Every structure is written in C-alpha cells, then in structure tokens.
Protein chains: 2
Amino acid sequence: MGELPVSKTVAKREARIAEILACAEKHFSIKGFHGAGISGIAADCGISVGHLYHYFGSKDELIQAVVKLEMRRQDESIAAFENLSPENLRIEMAELTNAIFSTDEEPFRTVLNFEILAEAQRNPDVAEILQQQDKQMRLRFVSILRRAGIDDPETRTELIFTIFSGLSARALRHPQQERAALLEVIKDVILKILGDKPVTSGAACA
Amino acid sequence: MGELPVSKTVAKREARIAEILACAEKHFSIKGFHGAGISGIAADCGISVGHLYHYFGSKDELIQAVVKLEMRRQDESIAAFENLSPENLRIEMAELTNAIFSTDEEPFRTVLNFEILAEAQRNPDVAEILQQQDKQMRLRFVSILRRAGIDDPETRTELIFTIFSGLSARALRHPQQERAALLEVIKDVILKILGDKPVTSGAACA
DNA sequence: CAAAATAGAATGAATGCTCTATCTAATGAC
DNA sequence: GTCATTAGATAGAGCATTCATTCTATTTTG
C-alpha cells in the first residue's frame with residue numbers, strides 16, 4: 001500500500017546508500033571526519049573500498065552526504081512542531097528542552113554537531129549546507145511562532161536557537177551539572193521567550 | 001624589572017615552545033587536529049620534525065598543550081572581570097557580549113572551540129582538560145557574581161555560559177544575521193540575568 | 001668537554017583513490 | 001521461452017602520498 005512502483009534495482013541501490021551513510025555516520029562520530037578512513041567505513045558495512053567509491057565519488061562527497069542527513073534530521077525535529085495549538089506548542093517546547101539537556105540521542109546534541117561546526121569553518125561546501133539548512137529551520141520555526149500569534153518571531157527564534165545550541169555545548173563542558181534545577185530555569189526562560197510580550201527587558205516585566 | 005633569574009637556555013627553551021604552540025594552533029585551526037600534520041607544523045615554524053619531537057613527545061601531547069593554552073586564554077578573559085564594581089561589571093559584560101557576537105578574534109569564539117568540543121567527545125584526555133578548566137572558569141565567575149551581591153550565582157553563571165556558547169554556534173550557522181537588533185535583545189537578557197532578582201519567571205516579573 | 005639543540009633521512013603503517021576483473025541481473029531478439 | 005548482450009554491482013590488488021614516529025649524526029652552547 002502506498003508503495004511507488006520503483007524498480008527493484010533502484011530500491012536496492014537506495015538501501016545500500018542508506019546503509020553506507022549509516023556506517024559512515026557512525027565512524028565519523030567516533031573518529032571524526034578526518035580521523036575516520038574510507039577503508040574502515042567500507043569494512044564495517046561489509047563492502048569493498050571500490051564498491052563504496054561506486055556510490056560516492058570522494059570522501060568529501062560522503063562527508064557532505066552525512067552532514068546533509070544530520071541537518072535534515074534536525075529540520076524534521078522542528079517540523080514536528082508544526083500544526084500544534086499555541087498551548088501544546090509551549091508544552092512540547094518545554095519537553096524538547098528537557099530532551100536536549102538530559103538524553104544522548106537528541107538530534108540537537110548529536111555527537112556530529114560540533115564536528116560539523118568545526119568542519120564548516122574550513123570546508124566551504126559544508127558551511128554552505130549548514131547555513132542553508134539552518135535557514136530552512138529558521139523559516140520553519142518563525143512560521144510556527146507566527147501562526148501561534150507570537151510577536152517578533154524572528155528574534156525569538158534566534159534566541160531559542162541560541163539557547164539550544166549553548167545547552168549542548170554546556171553538557172560537554174560541565175557534564176556533572178545538577179541538571180534538574182537549571183532545567184527548570186531554562187524552561188522558564190524558553191516559555192517567557194514564547195510569551196507574546198515584546199522581548200525587551202522593560203516590557204517583559206511590565 | 002620583575003624578571004625572574006631564569007637561565008638563558010631555559011628562557012630560550014620556553015620561547016621555542018611558545019613558538020611551536022603558536023604554529024600548531026594556527027595549523028590545527030585551519031586543518032583540524034587530525035587534518036594537520038606534524039611535518040607541516042614543523043616546517044611552518046622553521047624547525048625540523050625531529051626537533052619538534054624533542055619538545056613534544058607525541059602529537060597527542062601537542063594537541064593537549066594547544067587545548068590547555070586556549071582554555072587558559074578563555075579563563076583569563078573571565079579573570080578580567082574580577083575586582084570590578086557591580087556597576088562596571090554590568091557594563092563590561094554587555095561589552096563582552098558585543099565582542100563575542102561581532103568580532104572574530106574573541107577568545108570565546110576561536111575557531112578551535114568547536115574542534116575542541118568535537119575532540120573532547122572521543123579523546124578522554126581532552127575532555128578532562130576541557131571540563132577541569134570549565135570548572136575553574138565557573139568558580140571564578142560565580143565568585144565574581146557573589147562579590148557583586150548577586151543572588152543564586154551558580155545558576156546565573158550557567159545561564160550566561162550557555163548563552164555565550166550558543167552565540168558562537170549561531171554566528172557560524174547564521175552568519176548573515178542582522179546582528180545589531182538581536183544584540184540589543186541578548187544584552188538585555190544578560191543584564192536581566194545579572195539582576196539580583198531570582199531567575200524564576202514569576203518572581204522576575206513580580 | 002659535555003650536554004643540549006637541531007637536522008634530516010629512514011621506517012612502516014595508513015591514507016584516499018584507481019584500475020581491472022568477475023559476477024549478477026535486467027533487457028532485447030527470435 | 002531461450003539465448004545473447006549489456007549494464008550495473010562487487011571485489012580486491014595496487015598506486016602514490018602522507019602520516020607519526022624514530023634514529024643517527026651534526027652543530028651549537030654552557
């Protein structure tokens with residue numbers, strides 16, 4: 001049901017590509033983009049080096065594909081907030097804050113994230129992917145806030161993205177942090193940002 | 001004046017080490033810890049490979065020394081806030097926010113920062129340095145806030161560190177951002193966090 | 001003279017990538 | 001339906017290069 005009539009070979013090809021990407025992501029996460037080698041990736045997913053090069057023309061191409069995959073995943077985690085009532089939006093955002101700060105499988109906090117940010121500073125192609133995908137995420141989130149009737153959504157989006165980015169860095173730099181207390185404060189901040197009052201200091205406390 | 005009577009050779013040795021560290025930092029920033037090679041670093045600072053190994057026993061040692069150097073620099077940029085009057089503290093903090101978000105030579109935003117965060121996830125020695133130095137910075141900043149008579153300094157320190165970390169990530173992901181507007185809002189947030197009111201939402205607007 | 005500083009060749013492993021060869025499966029002709 | 005042709009999938013050896021590291025030899029300096 002709902003299956004498009006893709007030829008068997010095409011389907012197999014796509015499955016293989018997905019498999020390679022998963023292996024590559026794992027290796028890149030563990031050893032870094034430059035630390036991981038093509039031969040290791042190929043070996044780990046049970047194919048030959050030549051075969052891998054049949055699907056990806058260069059290591060750079062593979063890196064970029066993995067970056068795109070990760071960024072798309074982040075975008076999807078934002079898309080999940082579309083079509084929520086303003087009330088549920090606030091609840092779910094608080095939930096996401098929780099997830100980012102406490103679990104290890106959260107898209108915002110993937111191991112690859114800092115690797116990507118570092119790589120973007122020296123690889124223009126990666127920077128382009130990063131920035132273009134961030135733009136899409138921003139536009140998506142802005143329109144979510146706008147639909148929820150929230151004022152000045154651009155600034156609030158930037159504020160929230162800043163805090164989320166910062167949280168994952170803090171989790172690395174201060175892992176023993178007693179999280180429960182800080183979490184409550186951060187959630188408060190997020191909810192306050194999601195309020196429909198202007199974000200400037202005077203007005204927020206008016 | 002104030003010079004300790006270090007022997008000439010010791011002084012020369014330290015100068016050489018500093019020179020190597022500067023070259024290594026440059027190469028690591030441009031090509032990453034794993035992308036940069038010992039031979040390139042040695043060549044760039046005009047010494048032989050063997051000579052470099054005379055000062056640093058391994059590449060890992062060199063990496064850790066560079067990480068320590070960068071972290072110490074960040075710590076110093078916080079130490080600069082010690083012994084300020086509460087009034088000046090607020091002013092200088094707003095200034096720092098400005099600097100982090102707009103310039104490229106700001107210690108918090110060094111190219112190496114994300115490289116270090118990525119490396120810390122796979123190299124326990126680097127993680128240890130990162131976390132230990134972060135602890136020192138936290139304690140320093142907490143005591144600064146405490147001396148300024150600010151309530152619950154631990155939470156406020158964590159909040160501010162989170163925002164600063166997030167800002168440098170945002171600068172990479174959204175470089176075309178119109179910064180002036182956001183900057184004003186962020187500065188307001190920082191100043192509000194530095195206020196002596198409790199940080200919880202209800203009380204802050206009481 | 002002895003100890004530290006320095007150079008640079010040499011080592012062996014690992015790197016990204018290419019090349020050729022085989023094998024499998026889809027397609028077309030009759 | 002059956003055989004021939006072709007296109008894609010796959011393997012793995014091989015290439016040149018670079019890597020981190022070590023070794024030995026030479027120069028400089030205290």
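The structure contained in this document is the topic of the report that follows.

Conventions we followed
Residues numbered from 1 in each chain as written. Chains lettered and ligands numbered in written order. Predicted model: local features only at pLDDT ≥ 70, side-chain atom pairs only at ≥ 80, totals over all residues. Heavy atoms only, no water. Near = heavy atom within 4 Å. Polar contact = N/O pair within 3.5 Å; in protein donor to acceptor, adjacent residues only side chain to side chain. Helix = DSSP H or I, 4+ residues; strand = E, 2+ residues; numbered from the N terminus. Nonpolar A, V, L, I, M, F, W, Y, C, P; charged D, E, K, R; others polar. Contact = heavy atoms within 4.5 Å. Buried area = accessible area lost by both parts, 1.4 Å probe. Salt bridge = Lys/Arg side-chain N within 4 Å of Asp/Glu carboxyl O.

A short note on the protein's contact with DNA strand C
Step number 1: Taken together, 18 residues lie around DNA strand C, and Ile38, Tyr53 and Lys59 of chain A together with Ser48 and His51 of chain B are the ones closest in.
Step number 2: Within 4 Å of the protein, the contacting atoms of DNA strand C are 65% sugar and phosphate, with bases supplying the remainder.
Step number 3: Tyrosine 53 of chain A has a polar side-chain atom sitting 2.6 Å from a phosphate oxygen of DNA strand C.
Step number 4: For the surface near DNA strand C, the secondary-structure elements that each account for two or more residues are helix 2 (38-44) and helix 3 (49-55) of chain A together with helix 1 (8-31) and helix 3 (49-55) of chain B.
Step number 5: It is helix 3 of chain B that provides the largest number of residues to the surface near DNA strand C, a total of four residues.
Step number 6: Its residues placed into classes, the surface near DNA strand C shows six nonpolar, nine polar and three charged.

Side note on the interface of chain B and chain A
Step number 1: Between chain B and chain A, the residue contacts involve 48 residues of the former and 48 residues of the latter.
Step number 2: Of the roughly 4400 Å² buried where chain B meets chain A, counting both sides, 58% is carbon and sulfur surface.
Step number 3: Contact with chain A buries surface across chain B, with Gln121, Arg170 and Arg173 of chain B losing the most and accounting together for 18% of the total.
Step number 4: The tally of links from chain B across to chain A stands at eight salt bridges.
Step number 5: Among the ionic pairs, aspartate 134 of chain B bridges to arginine 173 of chain A, the shortest N-O distance being 3.0 Å.
Step number 6: Inspection of the chain B/chain A interface yields 16 residue pairs in polar contact (both at pLDDT 80 or more).
Step number 7: No other element matches helix 8 (residues 153-173) of chain B, which puts 13 residues into the side of chain B that touches chain A.
Step number 8: Taken together, the residues of the side of chain B that touches chain A break down into 21 nonpolar, 17 polar and ten charged.

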